[in-house]
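Per-entry structural report
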Amino acid sequence: MPTAKDTLDEILTLAAAHFKVPREKLSPDEDFFKALGIDSLQTLDLLTKLESHFSVELPDYELQGVSDFRTLAGKIQARL
Amino acid sequence: MSTAEVTKRGETMSYQVHDGVLELALYRSPCNEIGSLSLEELESFSRALQDLESQLHAVIVHSEMKAGFCAGADLRELYRRSQELKKADAVRGVRDFLERIHRVLNTIDASPLTTIAAVHGVTFGGGLELALACDLIIADKTARFAFPELRLGLIPGFGGIPRLKRDVGNAVVRDLLLTGRSFNSTKAQQIGLVSQLAGEGEALRAARATAEQVRKFDRETSAAAKRFIKSIPYEELKAEIDIFCSLFERAAVQAGLKKFVESADAQPYLP
């Protein structure tokens, strides 16, 4: 099973590639809505990509209030 | 009416016949929210479907909007109208709207033709209800499905619950309805909601290939098979309208609609 750090790194890499943002500009504690410049529909798109990449289910309500990459990684790690 | 004459382009959607397939394309920005104009155009499509059915073998419903297939009812219009009217008039208006859209979706559901929803992206609420009226749902990898109505103090009103109950198991019905969470297309296929998965942007192509396959079979046999395997839950559909209207009268619904319409939340779709 990947470590929490691995999961966080994978999320940052995946988000950077998908939304065409330089990877080095993303940091773990950053607000990903602002960092990626995404709206609600794109957030759903990111959720789908993450579920597919990690082969997990992430119920939307578990992500309510989650806005930084590190907390998001914790939610995914708990489902691996 | 001859199929050669049929191409209609409205403000929110268009339909045309191509190789014996009636294709309905939705294109109202941002994500095909269904309001009064969309309903009028869906009614026009429904009439064309009935007029042309003897000359067709399949129907495809799809979206031209990048955001997805359909985000459901136009909640902004619903809120605005409910503010403009007295409560009793607003409830009557809602009931009339629901009865009209039920007639459209019942026509699609009961059509002797094979009907296919080709979906991507947001397929929520009334959008999922439109897809559920079709025989097959073909989804690309970006599709997400949800019934988020409970966050507004409502239940799905376009026939979604009876059709979902007909098509999938109780665990799925309860999870989708009672949590309001969304499922991705892989999960939707695993639970039997989606027939086929397609790559991103490929759902319409897959739907057309499926329609081409359907064409090989005798129409009467296909229609008989469909009648045998797909019952229409008319009584439950009527009951759903009654429940929706009784819930709609409550102040909590107006508060929920107001909150949604005024929301600046980055995740307004979340329950």
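Scoring rules and cut-offs
- Residues numbered from 1 in each chain as written.
- Chains lettered and ligands numbered in written order.
- Predicted model: local features only at pLDDT ≥ 70, side-chain atom pairs only at ≥ 80, totals over all residues.
- Heavy atoms only, no water.
- Phe/Tyr/Trp six-rings, centres within 6.5 Å; stacked < 30°, edge-to-face > 60°.
- Salt bridge = Lys/Arg side-chain N within 4 Å of Asp/Glu carboxyl O.
- Helix = DSSP H or I, 4+ residues; strand = E, 2+ residues; numbered from the N terminus.
- Buried < 20%, exposed > 50% of the residue type's maximum accessible area, 1.4 Å probe, protein only.
- Polar contact = N/O pair within 3.5 Å; in protein donor to acceptor, adjacent residues only side chain to side chain.
- Contact = heavy atoms within 4.5 Å.
- pLDDT = per-residue confidence, 0-100.
- Axes fitted to C-alpha atoms, helices over the stretch in contact; angles between N-to-C directions.
- Parallel < 35°, antiparallel > 145°, perpendicular 65-115°, else oblique.
- Left-handed = near helix turned anticlockwise from the far one by under 90°.
- Nonpolar A, V, L, I, M, F, W, Y, C, P; charged D, E, K, R; others polar.
- Pairing = 2+ DSSP bridges.

1. Looking at the packing of aromatic side chains
All names here are of chain A. The full count for this structure, using the stated rule, is 5 aromatic pairs over all chains. Ring geometry for Phe-32 and Phe-33: centres 4.9 Å apart, planes at 45°, overall tilted. Among the aromatic side chains, those forming a connected cluster through ring pairs are Phe-32, Phe-33 and Phe-69.

2. What about the pattern of salt bridges?
Per the counting criterion, the structure on display carries 29 salt bridges over all chains. Here Lys-5 of chain A makes a salt bridge to Asp-9 of chain A, at a shortest N to O gap of 2.9 Å. Pair noted here: Lys-5 of chain A and Asp-9 of chain A are both in helix α1 (residues 4-18), with a separation of 4 residues, about one helical turn. In this structure, Arg-95 of chain B and Glu-99 of chain B form a salt bridge, with 3.9 Å as the shortest nitrogen-oxygen distance. Residue Arg-95 of chain B and its partner Glu-99 of chain B are both found in helix α3 (residues 87-110); the two are separated by 4 residues, about one turn of the helix. Using a relative accessible area of 28% as the deciding quantity, one classes Arg-95 of chain B as partly exposed. Connected via shared salt-bridge partners are Asp-109, Asp-135, Arg-163, Arg-166, Asp-167, Lys-226 and Lys-230 of chain B.

3. As for the side chain of Ser-82 of chain B
Residue and element names in this part refer to chain B. Its place among the elements puts Ser-82 in helix α2 (residues 75-84). We classify Ser-82 as buried; its relative accessible area is 11%. At a separation of 2.8 Å, a polar atom in the side chain of Ser-82 contacts the main-chain carbonyl oxygen of Tyr-79. A distance of 2.9 Å separates polar atoms of two side chains, one belonging to Ser-82 and the other to Gln-254. Apart from the residues within four sequence positions on either side, Ser-82 is in contact with Ala-90, Phe-248 and Gln-254.

4. Brief notes about the confidence of the model for chain A
Scored by pLDDT, chain A comes out at a mean of 90, with 100% of its residues at no less than 70. Within chain A, no element has a lower average pLDDT than helix α2 (residues 32-36) of chain A, which sits at 87, and none a higher one than helix α4 (residues 69-77) of chain A, at 93.

5. Structural notes on the packing of α1 of chain A against helix α3 (residues 40-54) of chain A
All names here are of chain A. Contact pair α1 / α3: the axes reach a minimum separation of 11 Å and the direction vectors enclose 130°. Compared by their axis directions, α1 and α3 come out oblique. Here α1 runs over α3; the crossing is right-handed. Residues Thr-7, Glu-10, Ile-11, Leu-14, Ala-15 and His-18 of α1 touch α3, and the partners they reach there are Asp-45, Leu-46, Lys-49, Leu-50, His-53 and Phe-54. Split into classes, the residues belonging to the contact of α1 with α3 amount to 6 nonpolar, 3 polar and 3 charged.

6. A short note on the pairing of strand β2 (residues 13-18) of chain B
Residue and element names in this part refer to chain B. As paired strands, strand β1 (residues 7-9) and β2 are joined by 3 bridges and run antiparallel to one another. Among the inter-strand pairings, Thr-7 is bridged to a residue of β2, identified as Gln-16. Where β1 hands over to β2, the hairpin turn is made up of 3 residues, counted between the paired strands. Direction of pairing for β2 relative to strand β3 (residues 21-26): antiparallel, over a ladder of 6 bridges. By the bridge assignment, Val-17 is partnered in β3 with Leu-22. Where β2 hands over to β3, the hairpin turn is made up of 2 residues, of which Asp-19 adopts a positive phi near 50°.

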